[in-house]
Amino acid sequence: MVLSSSSTSTVEIAAAAANQAATQAADLPLVHRPRRLRRTEGLRRLVRETRLTVDDLIYPMFVMEGSGQRQEVPSMPGCFRYSLDLLLEELQEVVGLGLGAIALFPLIPDHQKDNAGTESYNPTGLIPQSVRAIKQAFSQLLVITDVALDPYSSMGHDGIVENGEILNDETVTVLVKQALAHAEAGADMVAPSDMMDGRIGAIRQALDAEGWINVGILAYSAKYASAYYGSFRDALESAPKFGDKKTYQMNPANAAEALKEVDLDIAEGADIVMVKPALAYLDIICRIKQHTNLPVAAYNVSGEYAMVKAAAAQGWIDEKTVMLETLTSIKRAGADVILTYFAKDVARALESKF
Ligand code: PBG
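Residues numbered from 1 in each chain as written. Predicted model: local features only at pLDDT ≥ 70, side-chain atom pairs only at ≥ 80, totals over all residues. Heavy atoms only, no water.

Peer 1: Quick rundown of the confidence of the model for the protein? Include the residues and the values.
Peer 2: Scored by pLDDT, the protein has a mean of 94; 92% of the residues are at 70 or more. Taken together, the stretch residues 1–6 has pLDDT below 50 and engages in 0 contacts with residues farther than four places along the chain or on a different chain. (pLDDT = per-residue confidence, 0-100. Contact = heavy atoms within 4.5 Å.)

Peer 1: Tell me about empty space enclosed by the protein, and name the residues and values.
Peer 2: Going through the model one piece at a time under the given rule, you end up with 3 cavities of 30 Å³ or more. There is about 110 Å³ of room inside the largest cavity. Of all the elements in the fold, those that place two or more residues in the lining of the largest cavity are β9 (216–223) and α7 (230–236). A per-element tally of the lining of the largest cavity places α7 first, with 3 residues. Residues that form the lining of the largest cavity fall into these classes: 7 nonpolar, 2 polar and 7 charged. A volume near 60 Å³ is recorded for the second largest cavity. Considering the residues around the second largest cavity, the lining is formed by Y59, P60, M61, F62, G78, C79, F80, Y82 and E90. At the level of secondary structure, the elements contributing two or more residues to the lining of the second largest cavity comprise β1 (57–64) and β3 (80–83). Ranked by the residues each element gives to the lining of the second largest cavity, the list is headed by β1, at 4 residues. (1 Å grid on protein atoms, 1.4 Å probe; cavity = no way out; pocket = protein on both sides within 12 Å on 5 of 7 lines; lining within 4 Å. Points joined across faces, edges and corners; volume = space filled by probe spheres on them. Helix = DSSP H or I, 4+ residues; strand = E, 2+ residues; numbered from the N terminus. Nonpolar A, V, L, I, M, F, W, Y, C, P; charged D, E, K, R; others polar.)

Peer 1: Would you mind going over the nonpolar core in detail, with residue names and values included?
Peer 2: Judged by nonpolar contacts, the single largest core of 112 residues is most densely connected at I102 and I288. When sequence neighbours within four positions are dropped, the list of residues in contact with I288 reads A222, A258, L259, V262, V273, V275 and V296. (Core = buried A, V, L, I, M, F, W, Y, C linked by side-chain atoms within 4.5 Å. Buried < 20%, exposed > 50% of the residue type's maximum accessible area, 1.4 Å probe, protein only.)

Peer 1: Lay out a nonpolar patch on the surface with the relevant residues and their values.
Peer 2: On the surface, a cluster of nonpolar side chains totalling about 290 Å² of accessible area is made up of L37, L46 and V47. When you line up the elements, L46 lands in helix α2 (residues 41–46). (Patch = residues over 30% accessible without salt bridge, like charges linked within 9 Å, V, L, I, M, F, W, Y side chains within 5 Å. Areas by Shrake-Rupley, 256 points an atom, 1.4 Å probe, with all protein chains shown as cover. Salt bridge = Lys/Arg side-chain N within 4 Å of Asp/Glu carboxyl O.)

Peer 1: Residues and numbers for the UniProt feature "active site" (unreviewed entry) in the protein, please.
Peer 2: Residues annotated in UniProt with the feature "active site" (unreviewed entry) correspond here to K223 and K276. Despite a sequence span of 54 residues, these residues sit close together in the fold, their greatest C-alpha distance being 4.8 Å. Within the annotated group, the residues that form the lining of the largest cavity are K223 and K276. Along the chain, the position of K223 falls in strand β9. Look past the residues within four positions of K223 in its chain and what remains in contact with it is D158, S193, M195, Y229, Q249, M250 and K276. For K223, the side chain forms a polar contact with the main-chain oxygen of S193, separated by 2.9 Å. (UniProt positions renumbered as here; feature names shortened; annotations may be inferred. Polar contact = N/O pair within 3.5 Å; in protein donor to acceptor, adjacent residues only side chain to side chain.)

Peer 1: Please give an account of the UniProt feature "binding site: Mg(2+)" (unreviewed entry) in the protein that cites residues and values.
Peer 2: With numbering matched to this structure, UniProt assigns "binding site: Mg(2+)" (unreviewed entry) to E261. Inspection of the secondary structure assignment puts E261 in helix α8 (residues 256–268). Assessed through its relative accessible area of 13%, E261 is described here as buried. In this structure, E261 is in contact with M195, S221 and M250, ignoring residues within four places of it in sequence.

Peer 1: Which residues make up the environment of L142, and what values go with them?
Peer 2: Note on placement: L142 falls in strand β5 (residues 142–147). We classify L142 as partly exposed; its relative accessible area is 41%. Separated by 65 residues in sequence, L142 and P77 have C-alpha atoms that sit 25 Å apart. When residues no more than four places from it in sequence are discounted, the contact partners of L142 are G100, A101, I102 and D188.

Peer 1: Describe the pairing of strand β10 (residues 272–276), naming the residues involved and giving the relevant values.
Peer 2: The buried fraction of β10 is high, at 5 of 5 residues. Of the two faces of β10, both are covered, the one formed by I272, M274 and K276 as well as the one formed by V273 and V275. Direction of pairing for β9 relative to β10: parallel, over a ladder of 5 bridges. Residue pairing across strands places A219 opposite V273, the latter belonging to β10. As a crossover connection, the stretch from β10 through helix α9 (residues 282–291) into strand β11 (residues 296–300) is right-handed. (Pairing = 2+ DSSP bridges. Right-handed = clockwise from strand over helix to strand, strands pointing away.)

Peer 1: Give a description of the site of the ligand that names residues and reports values.
Peer 2: The environment of the ligand is made up of 18 residues, and the closest members are S193, R233, K245, K276 and Y341. One of the side-chain nitrogen or oxygen atoms of R233 is found 2.6 Å away from an oxygen atom of the ligand. Here the ligand has 400 Å² of accessible area as a free molecule, and 100% of this is covered by the chains. Judged by the fraction of its atoms near the pocket grid, the ligand is located in the largest cavity. Here the residues of the shell around the ligand sort into 8 nonpolar, 3 polar and 7 charged. (Near = heavy atom within 4 Å. Sits in = over half its atoms within 2 Å of the grid points.)

The following block contains the structure:
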């Protein structure tokens, strides 16, 4: 009885308040009409709060061995694996569109893969070779290289595997060698995407010790164990051979832990901190932006790209509008920098002043 009478009175109070508000609203002149500022395209442009530009974007690209190779990734229409010669041709277009930064990922042939990811620090391997050629042809283009073992691992993991476990410190030793090989080849920044503990500090120390004080670190700080990476693993043939990545990538249920990871990476010397994926983690981007003065990056990952492409191909959504809305939301959430496979499409859309 007590419960039902108290809940009735709560409902009554709420109803009375609503009535009163309605009466007041009817009596008062409408001083504020937010629609005034939405009336014309000119007004909407004037008061727009978030603006995407090509300056914000990093274009992830896949490179493979050989020559004359250009293979579309089946689950990522419009994204290709290029051999270096054709990658350089493609970069003419990328740079021509005004894009200023790329993130490079390698497709490594099976015979070069092993558990220790030895090929990852080969100074004349695919990535160092590609970085050299790219920087020679496009000295102004920012070249960011991914530091992780998974493309090179016969296990498809981001670290060395022993008895079904991913070894942390042994892996960091290899990541350091990989980062040094990339720096030596001319990478502007290295981007550790592996989520081993302590790797940012170890890489920063080694880069400095070798004189690479100007090579930056874009840290994948809050990288989640996400099902949105599926298409990327298709592109690099890098899916884990057993298990999952939950012992090193973060639990999607956690937010406070993202701040902890960010704090550690900043303390260890990260120049930019990243959240990955982006769309299901807009709250994390927002929190991190409020938490740090470092630039915040977000990775609009392969699965996010594939979903838009697939629905658009069915005619279920308008691709260009959804793409711009999505990327604008990532920027609005607080991302200063966005890695996206849509980078070329965005550049074209912005050129045409959509
Ligand atoms: C691996 C790595 C992944 C991505 C970037 N670096 C996949 C993974 O962690 O399994 C995913 C990028 C994407 O999905 O677009 N170190």
